[in-house]
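Observations on the model geometry
Listed below, chain by chain, are the residues.
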Amino acid sequence: MRKLLIVFLFPCFIWANDLSNVALIITGGTIVQVNDPKTGASVPAQSVEDILTAVPELSKIANITTIPFSNLDSSQMTPELWSRLSQLVVQQLKRPDLRGVVIVHGTDTMAEGSYFLDLTVTENKPVVFVGSMKNSSDPHSDGPSNLIDAVTQVCSKEAHDWGVTVTLNNYINSARYVEKVQSTNIQAFNSGDKGILGYVVNQKVFRVNDRAFRQILSIPKKLPKVDIIYDYAGSDGAFVRYATDHGADGIIVEGFGSGNVNVPMFQAITYAISKGVAVVITTRVPEGGVFPFYGDVGGGESLKEAGAIVAGDLPAPKARILLMLALPMVKSDHSQLYKYFLNY
Ligand code: ASP
């Protein structure tokens, strides 16, 4: 088991004159990792401040306050940690002198972590998630240039009303649509058929799209337990029954095509619904979304009639985040979930 390290250091201030104030919250990820000299494997760096001193250009763009939150590979992040992160971001953004926040985060769960904050940060100032695909020991590390782009974006007058964004390899993506699509290459994120919001070149932001809409939900005292279960040809639905019998408040089913499942999965879903579990249908297909076209048993229309919620264009991990936040608002009236899931 990987050794986890959470560090809480005193905030570090780097000041320059007549520049905007930006908070840089460090949560971890490859961007603050180095190669272990013994094994060669990428591990969290001992001092996250080193990443700032390695990028002297940052202090020419903004007055940066560094706030250590954790030093975790993002595979270890949880919705509870994102709740705390969201509260910290809101607290920072309420500072009238602060232009915005950059969040240094691992790329593996950045798409859903950024969406959690997109749904819960109430202040309308720039919040930019940034990371890197190559760590700081790598001669081709993309960390420094990504950090420069992220801080540039926060300070740019072009970057407004975008909600939370994910900015890597020059591209600015909305947290709602962004997905990690490449496991090793620096061009690791895109927004599929929804497109980018803009890009950063030579410390200038180019705005190409407005944000279509944004929902804000409050963070409940206790987040419900929501599992994700994948459908596949020949599945017997056993995992849905297991989750139902072991405390799930909600289940996200990743189905096929426009949102269909096979018959045993359909029967397991009706069992879950009969036990009061909220079931949301997503699709394994990266673009398009769930639209209930088919009326056969297991087709999208039959799922909807049985009381399942269709997730629209949200992939399973993001549908899970939305369900965790929306379920406490609707309690047992799951039909009310439609106002959250089809709000586009
Ligand atoms: N495993 C790393 C993480 O998500 C990957 C990265 O940051 O690029 O923390």
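Residues numbered from 1 in each chain as written. Predicted model: local features only at pLDDT ≥ 70, side-chain atom pairs only at ≥ 80, totals over all residues. Heavy atoms only, no water.

Here we take up the overall build of the chain. Scanning the chain for helices and strands turns up 10 helices and 17 strands. Against the compact-globule benchmark of 20 Å for 344 residues, the chain has a radius of gyration of 21 Å, which places it among compact chains. For the C-alpha atoms alone, the extent of the chain along its principal axes is close to 65 × 45 × 35 Å. Buried positions account for 53% of the 344 residues belonging to the chain. Restricting the contact set of the chain to residue pairs at least 6 apart, pairs at least 24 apart contribute 75%. If the 29 positive side-chain charges of the chain are averaged to one point and the 32 negative ones to another, these points end up 5 Å apart. (Helix = DSSP H or I, 4+ residues; strand = E, 2+ residues; numbered from the N terminus. Rg over C-alpha atoms; globule rule 2.2 N^0.38 Å. Buried < 20%, exposed > 50% of the residue type's maximum accessible area, 1.4 Å probe, protein only. Contact = heavy atoms within 4.5 Å. Lys, Arg positive; Asp, Glu negative; His and termini not counted. Charge placed at Lys NZ, Arg CZ, Asp CG, Glu CD.)

Let's shift gears to the site of the ligand. Near the ligand, the surroundings consist of Gly29, Thr30, Asp73, Ser74, Gly106, Thr107, Asp108 and Ser132. In this structure, a nitrogen atom belonging to the ligand sits 2.9 Å away from a side-chain N or O atom of Asp73. Ser74 places a polar side-chain atom, nitrogen or oxygen, 2.6 Å from an oxygen atom of the ligand. Taking 270 Å² as the accessible area of the ligand by itself, protein coverage stands at 90%. Because more than half of its atoms lie within 2 Å of the grid, the ligand is assigned to the second largest pocket. In terms of residue class, the shell around the ligand is made up of no nonpolar, 6 polar and 2 charged. (Near = heavy atom within 4 Å. Polar contact = N/O pair within 3.5 Å; in protein donor to acceptor, adjacent residues only side chain to side chain. Areas by Shrake-Rupley, 256 points an atom, 1.4 Å probe, with all protein chains shown as cover. 1 Å grid on protein atoms, 1.4 Å probe; cavity = no way out; pocket = protein on both sides within 12 Å on 5 of 7 lines; lining within 4 Å. Sits in = over half its atoms within 2 Å of the grid points. Nonpolar A, V, L, I, M, F, W, Y, C, P; charged D, E, K, R; others polar.)

Applying the stated criterion across every chain yields a total of 1 cavity of 30 Å³ or more. There is about 30 Å³ of room inside the largest cavity. Counted by class, the lining of the largest cavity contains 3 nonpolar, 2 polar and 3 charged residues. (Points joined across faces, edges and corners; volume = space filled by probe spheres on them.)

Glancing now at the packing of aromatic side chains. What the rule picks out here adds up to 3 aromatic pairs. Taking 6.5 Å as the distance between ring centres and 40 degrees as the angle between the ring planes, the aromatic pair formed by Trp82 and Phe116 counts as tilted. Here Phe116 lies in helix H4 (residues 110-120) and Trp82 lies in helix H3 (residues 79-93), a separation of 34 residues in the sequence. Comparing Trp82 with Phe116, the two get one shared label, buried. Residues Phe291 and Phe293 carry aromatic rings whose centres are separated by 6.3 Å and whose planes lie at 20 degrees to one another, so their mutual orientation is stacked. (Phe/Tyr/Trp six-rings, centres within 6.5 Å; stacked < 30°, edge-to-face > 60°.)

Take the pairing of strand E7 (residues 127-130) next. Side-chain alternation along E7 places Val127 and Phe129 on one buried face and Val128 and Val130 on a second face that is also buried. For the crossover that starts at strand E6 (residues 98-104), traverses H4 and ends in the parallel E7, the hand is right-handed. Handedness of the crossover joining E7 and strand E8 (residues 164-168) through helix H5 (residues 143-155): left-handed. (Right-handed = clockwise from strand over helix to strand, strands pointing away.)

This next bit is on the packing of helix H6 (residues 238-245) against helix H7 (residues 263-274). Two packed helices can be described by the angle between their axes and the distance between those axes. At a minimum axis distance of 8 Å, the contact between H6 and H7 shows a crossing angle of 10 degrees. Viewed along their axes, H6 and H7 adopt a mutual orientation that is roughly parallel. Together, Val240, Arg241, Thr244 and Asp245 of H6 and Met265, Gln267, Ala268, Ile269, Tyr271 and Ala272 of H7 make up the contact between the two elements. (Axes fitted to C-alpha atoms, helices over the stretch in contact; angles between N-to-C directions. Parallel < 35°, antiparallel > 145°, perpendicular 65-115°, else oblique.)

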